[in-house]
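Spelled out, the chains give:
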There are 2 protein chains.
Amino acid sequence: MNTLFNQPLKVVNAGLQSFASNIQKVGGDVIALAWQPPALGNINAGMDLASLLRHPLVEQANNIAMERYLNAQPVLVDVMYASEAIPEMSERKCILHSGPPISWENMCGPVKGAIVGAMLFEGWATSHEEAECKVLTGEIHLEPCHHYHAVGPMAGIISPSMPLWVIENKTNGQRSFSNFNEGLGKVLRFGANNEEVLNRLFWMRDELAPALKAAVRQLGELELKPLMAQALHMGDEVHNRNAAATGLLTKRLLPALLACHLPLENVQRVVAFITGNDHFFLNLSMAACKAMMDAAANVPFSSIVTVMARNGVNFGIRLSGTGERWFQAPANAVEGLFFPSYGVDDAAADLGDSAITETAGVGGFAMASSPAIVKFVGGTPADATNNSRRMQSITVGRNPAFTLPALNFAPTAAGIDVRKVVDRGILPVINTGIAHKQAGVGQIGAGITTAPMPCFVDAITALAEAVSKGEKQ
Amino acid sequence: MNTLFNQPLKVVNAGLQSFASNIQKVGGDVIALAWQPPALGNINAGMDLASLLRHPLVEQANNIAMERYLNAQPVLVDVMYASEAIPEMSERKCILHSGPPISWENMCGPVKGAIVGAMLFEGWATSHEEAECKVLTGEIHLEPCHHYHAVGPMAGIISPSMPLWVIENKTNGQRSFSNFNEGLGKVLRFGANNEEVLNRLFWMRDELAPALKAAVRQLGELELKPLMAQALHMGDEVHNRNAAATGLLTKRLLPALLACHLPLENVQRVVAFITGNDHFFLNLSMAACKAMMDAAANVPFSSIVTVMARNGVNFGIRLSGTGERWFQAPANAVEGLFFPSYGVDDAAADLGDSAITETAGVGGFAMASSPAIVKFVGGTPADATNNSRRMQSITVGRNPAFTLPALNFAPTAAGIDVRKVVDRGILPVINTGIAHKQAGVGQIGAGITTAPMPCFVDAITALAEAVSKGEKQ
């Protein structure tokens, strides 16, 4: 004891800063940890969390959900118009958007702009005013993509005449969908809706979609997990960087497309469109991730997060064990790199269904595979590696289908456990594009954000309630 | 002093192992370093080396050579038959091979097989016996590719009717060449020469070459350094791994090919061939590297290595300051991973001109960019990173055009300095394929090898002589 107290003391303080300050005032040497109690210090949620930790019902459910996620085999099987793929959309005039449900009044600029664009595209309106009026009178129905096994990047708008990628999970036969990527510049998903945007959408509907449908039919089914796994070894994280994956897709699709005997000019335009857009694979990556997470959904008592999505105002999550219920909180800001002449004041809030990639263990969770992504979203390759490592502490397990060369081929962290997020205060990291807050300006940057803690805390409470009921049965 | 000798002693021994053994025998704790004197302990070469270190003539020459290497802008400008691109080849029946000069009698199996194949392809012989007879009587001339600004992987055979990639260094107008990659399996470059191999060569001459010539003309000039730099950010090291680079090339070439209005069946076969071979870009990478190193060649007194190449028996190097002179030594063995049912006894010695990639700072020097390469050549991602770091100690500088994400975007080590190799005893590391020693079996593995030290020691002596003469002028 004498030896101990004769040495200079170093104090580590976890908790209130004032404890540290007092010691520092009298000349002590203190390291203050940025610690805070679990569940944002909410005592009831903390008790709920405590009731769920190591709970056998939850553990068992997570094993089942994780196994279903790991066993999912998402395969590209077809290209269909939304009205065919999702018949409910034709029964009433329906437009799907990204993120959790939200009313027109509360929507952000880019999403409103994109909905107007989709109505002009469908011929449901001829002006912005008419479009807005029809939405407000309830003639047009707005619903989340996720309510129909679909996902869309940024505004995520899907209207009945738009073509969709059709992905089937071969393990359970369940289908998932995503729209086609329009490329960069003035595009609907960032809220642009001028003639250029509409003409591109018409062309995608009339020429691109039939060509890709024919190519997919010619190719037969295309397994997406091996393709994504290969792209992870080629510098993609298949969310914000899809250059390699797009190349790998092109390599498979083009020979099939050439075998379809379409007019050469048609083929040339399709090839120019695909090879001109390094993000073309993103929507397929998202739909594949949606298929994997849908496989894990609806396992009673499971604490695995099956959806993370943003509507430009709120961030929403769903848990496997609480089914279709959304838990929402205002979206966090995106820290990132802005394109020249733009800054944080120009940015819309975090937007889009693309966080389904992180939900499935890629994107930000697989950043270590993509050191070059930091040139796009900011930071250093070491940050990228650290993000992938940190995510391992909030997941149920890892996915051996997706390995990270920079971490000596370690599998990605996967199966976000809402209990671990709330207990450890570590939020899922998300790579994302940044939209301008005004409709139609487009992408103004890219960066890294996190899911907001309150939705995880709310989810804990709901899950604890469900588990408590389950115990009594 | 008392304190020092009262502590348990740990001895570090650099040099003769017997010093360490003696201490160990009496119970001492010794770390024996694997040190050896520079220049393989050759005293004369060691004195030559000493005369060259920090020599102003050499330093000045290296600055010039390095600048020319860094400023090289290799651009794909054309596809031509060897007889057009290298007119000397038509004047007499000439076949080019990889590595330093070697007589038919001394050649290894795969190179002999490939030469016979080229003669069958050219119609210069109808049987192996006839081919061998014509070579032995001197009717056919065998010369290294490097004597004509050309490079070829493995056997590296180029005969007059074969199509070549034509690369131009836009900085000095100098052209360099490489043949087309045939893919894997039974191929000429591994010494196969059966009907399947010849039919593929006929098709490459008659359909692939005209199509690619038309596509390159349609595309205009294609800068290769930016494409290689991008591939280094996508998991390639552009020697043993070219999957991303081939994808990036395809993305540029295919739209141009489609715009050439060739018959659809022709385009389909060309596309199937290119998209079916992840090594297709290798030969372009090699020719681009050749252009960069040719730019640095022939600077009097420069100690920069401008060629490393293997003929299946000897490893040869050339220095900038000693012009066209070859320095040769028996090739080292390749340590690597063998395909099932093959082993080290089946392997041919290190073979091919592809070490031009390492000479130019990519390949093994850029392994840190390609952690996934270790799945192909053996080792761990950490080995790959260490190789890239270690090469920094034997080069004149670095190449900011080629950066390595895993090393926080550090530029690759480039401009091998023969003085540093000999002084530090660190050999250039080379990623390479492994050929079966019998003609025609093909590739049986891939791995890592090093250039043999004696050729660097010989080069030191020759350079010292040149510098000594230079001093007297």
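Quick caveat, the model's predicted, so the values are computed rather than measured.

(A) Region of the structure containing the overall build of chain A. Scanning chain A for helices and strands turns up 18 helices and 18 strands. A globule of 473 residues ought to have a C-alpha radius of gyration of about 23 Å, and chain A, at 23 Å, matches this closely. Oriented by its inertia axes, the alpha-carbon framework of chain A measures out at about 90 × 55 × 50 Å. Per-residue burial over chain A gives 54% buried out of 473 residues.

(B) Broad picture of the sheet that holds strand 17 (residues 429-435) of chain A. All names here are of chain A. Read across the open sheet, the 3 strands follow the order 13-18-17; overall the sheet is antiparallel. Strand pairing shows two members of the sheet lacking a second neighbour, strand 13 (335-338) and strand 17, which therefore form its edges. For this sheet the average axis-to-axis angle between neighbouring strands, irrespective of direction, equals 20 degrees. By the bridge criterion, 7 bridges tie strand 17 to strand 18 (residues 443-450) in an arrangement that is antiparallel. Across the sheet, the residue bridging to Val429 is Thr450, located in strand 18.

(C) Representation of unusual backbone geometry within the structure. Residue and element names in this part refer to chain B. For Leu40, which is not glycine, the phi torsion reads 55 degrees and is therefore positive. A residue is classified by how many C-beta atoms lie within 10 Å of it, and Leu40, with 14 of them, is partly exposed. Positive phi, close to 55 degrees, is recorded for Asn408, a residue that is not glycine. Note on placement: Asn408 falls in the loop between strand 15 (395-404) and strand 16 (410-416).

(D) Quick peek at the interface of chain A and chain B. Of the residues lining the interface, 26 residues belong to chain A; the matching set on chain B comes to 26 residues. Sort the elements by how many residues they give to the side of chain A that touches chain B and helix 11 (residues 243-258) of chain A lands first, with 9 residues. Split into classes, the residues belonging to the side of chain A that touches chain B amount to 17 nonpolar, 8 polar and 1 charged.

(E) How the structure looks around helix 9 (residues 195-219) of chain B. Residue and element names in this part refer to chain B. Taking 1.5 Å per residue as the helical rise, helix 9 with its 25 residues ought to reach 36 Å, and the 34 Å between its terminal C-alpha atoms agrees with that figure. Of all bends in helix 9, the biggest is about 40 degrees, found at Met204. Taken together, the buried positions of helix 9 are occupied by Val197, Arg200, Leu201, Leu208, Ala209, Ala211, Leu212, Ala215 and Val216. On its buried face, helix 9 sits against strand 3 (74-81), helix 7 (109-122), strand 7 (163-169), helix 11 (243-258) and helix 12 (264-275). One or two steps after helix 9, the chain reaches Gly220, where phi turns positive at roughly 80 degrees.

(F) Layout of the sheet that holds strand 3 (residues 74-81) of chain A. All names here are of chain A. The 5 strands lie next to each other as 6-8-7-3-9, forming an open sheet whose pairing is mixed. In the strand order of this sheet, the two ends are held by strand 6 (150-151) and strand 9 (222-223), each with one partner. Here strand 3 pairs with strand 7 (residues 163-169) via 7 bridges, running antiparallel. By the bridge assignment, Val79 is partnered in strand 7 with Trp165.

(G) Looking closely at the confidence of the model for chain A. Across chain A, the average pLDDT comes to 94, with 100% of residues at 70 or higher. Interface confidence in the predicted complex, given as ipTM, is 0.89; pTM for the same model is 0.92.

(H) Highlighting the relation of the copies chain A and chain B. Take chain A, turn it by 180 degrees, move it 0.1 Å along the axis, and it overlays chain B with an RMSD of 0.1 Å. Taken together, the rotation and translation describe the operation of a two-fold axis. Among all residues of chain A, the minimum C-alpha distance to the rotation axis is found for Met234 of chain A, at 2.1 Å. The residues that chain A uses at the interface reappear at the interface of chain B in 100% of cases, marking a shared surface.

(I) Structural detail: helix 13 (residues 282-296) of chain A. Residue and element names in this part refer to chain A. Taking 1.5 Å as the rise per residue, helix 13 with 15 residues should run 21 Å; its terminal C-alpha atoms sit 21 Å apart, in good agreement. Within helix 13, 15 of the 15 residues are buried, which leaves it mostly tucked inside the rest of the structure. Remark: Asn298 follows helix 13 within two positions and exhibits a positive phi of approximately 60 degrees.

(J) Seen up close, the packing of helix 12 (residues 264-275) of chain A against helix 11 of chain B. It is at 9 Å that the axes of helix 12 of chain A and helix 11 of chain B come closest, and there the two elements cross at 160 degrees. Between helix 12 of chain A and helix 11 of chain B, the angle is such that the two are roughly antiparallel. When you trace helix 12 of chain A past helix 11 of chain B, the crossing you get is left-handed. From helix 12 of chain A, Leu264, Val267, Gln268, Val271, Ala272 and Thr275 of chain A reach across to helix 11 of chain B, where they touch Lys251, Leu254, Pro255 and Leu258 of chain B. Class assignment for the residues of the contact of helix 12 of chain A with helix 11 of chain B results in 7 nonpolar, 2 polar and 1 charged.

(K) Seen up close, the nonpolar core. Core analysis: the biggest nonpolar cluster contains 309 residues, and Ile460 of chain A together with Ile460 of chain B have the highest contact counts within it. Those residues within four positions of Ile460 of chain B in sequence are excluded, and the remaining contacts are Ala39, Ala45, Asp48, Leu49, Leu52, Val418, Arg419 and Val422 of chain B.

(L) Layout of the packing of helix 3 (residues 43-52) of chain B against helix 18 (residues 453-472) of chain B. Residue and element names in this part refer to chain B. The contact between helix 3 and helix 18 brings their axes to 9 Å, and the two run at 55 degrees. In terms of orientation, helix 3 lies oblique with respect to helix 18. For the crossing formed where helix 3 meets helix 18, the hand is left-handed. Seen from helix 3, the contacting residues are Ala45, Asp48, Leu49, Ser51 and Leu52; seen from helix 18, they are Val457, Ile460, Thr461, Leu463, Ala464 and Val467. Counted by class, the contact of helix 3 with helix 18 contains 8 nonpolar, 2 polar and 1 charged residues.

(M) Just the pairing of strand 8 (residues 175-179) of chain B, in detail. All names here are of chain B. Burial analysis of strand 8 places 5 of its 5 residues in the buried class, the great majority of the element. Sheet topology places strand 6 (residues 150-151) next to strand 8; 2 bridges connect them, and they run parallel. Bridge assignment links Val151 to a residue of strand 8, and that residue is Ser178. Alignment of strand 7 against strand 8, held across 5 bridges, turns out to be antiparallel. Paired with Glu168 across the two strands is Arg175, which belongs to strand 8. Hairpin geometry of strand 7 and strand 8 is characterised by an intervening segment of 5 residues between the two adjacent antiparallel strands and by a positive phi of about 80 degrees at Gly173.

(N) Summary view of the environment of Leu212 of chain A. Within the secondary structure, Leu212 of chain A sits in helix 9 (residues 195-219). Take Leu212 of chain A: there are 24 C-beta atoms within 10 Å of it, and that puts it in the buried class.

What counts and what doesn't
Residues numbered from 1 in each chain as written. Chains lettered and ligands numbered in written order. Predicted model: local features only at pLDDT ≥ 70, side-chain atom pairs only at ≥ 80, totals over all residues. Helix = DSSP H or I, 4+ residues; strand = E, 2+ residues; numbered from the N terminus. Rg over C-alpha atoms; globule rule 2.2 N^0.38 Å. Buried ≥ 20, exposed ≤ 12 C-beta atoms within 10 Å, placed from the backbone. Pairing = 2+ DSSP bridges. Axes fitted to C-alpha atoms, helices over the stretch in contact; angles between N-to-C directions. Contact = placed C-beta atoms within 7 Å. Nonpolar A, V, L, I, M, F, W, Y, C, P; charged D, E, K, R; others polar. Expected span 1.5 Å × (residues − 1). Bend = angle between axes of the 7 residues up to and from the residue. pLDDT = per-residue confidence, 0-100. Least-squares fit on C-alpha atoms with pLDDT ≥ 70 in both. Parallel < 35°, antiparallel > 145°, perpendicular 65-115°, else oblique. Left-handed = near helix turned anticlockwise from the far one by under 90°. Core = buried A, V, L, I, M, F, W, Y, C linked by C-beta atoms within 7 Å.

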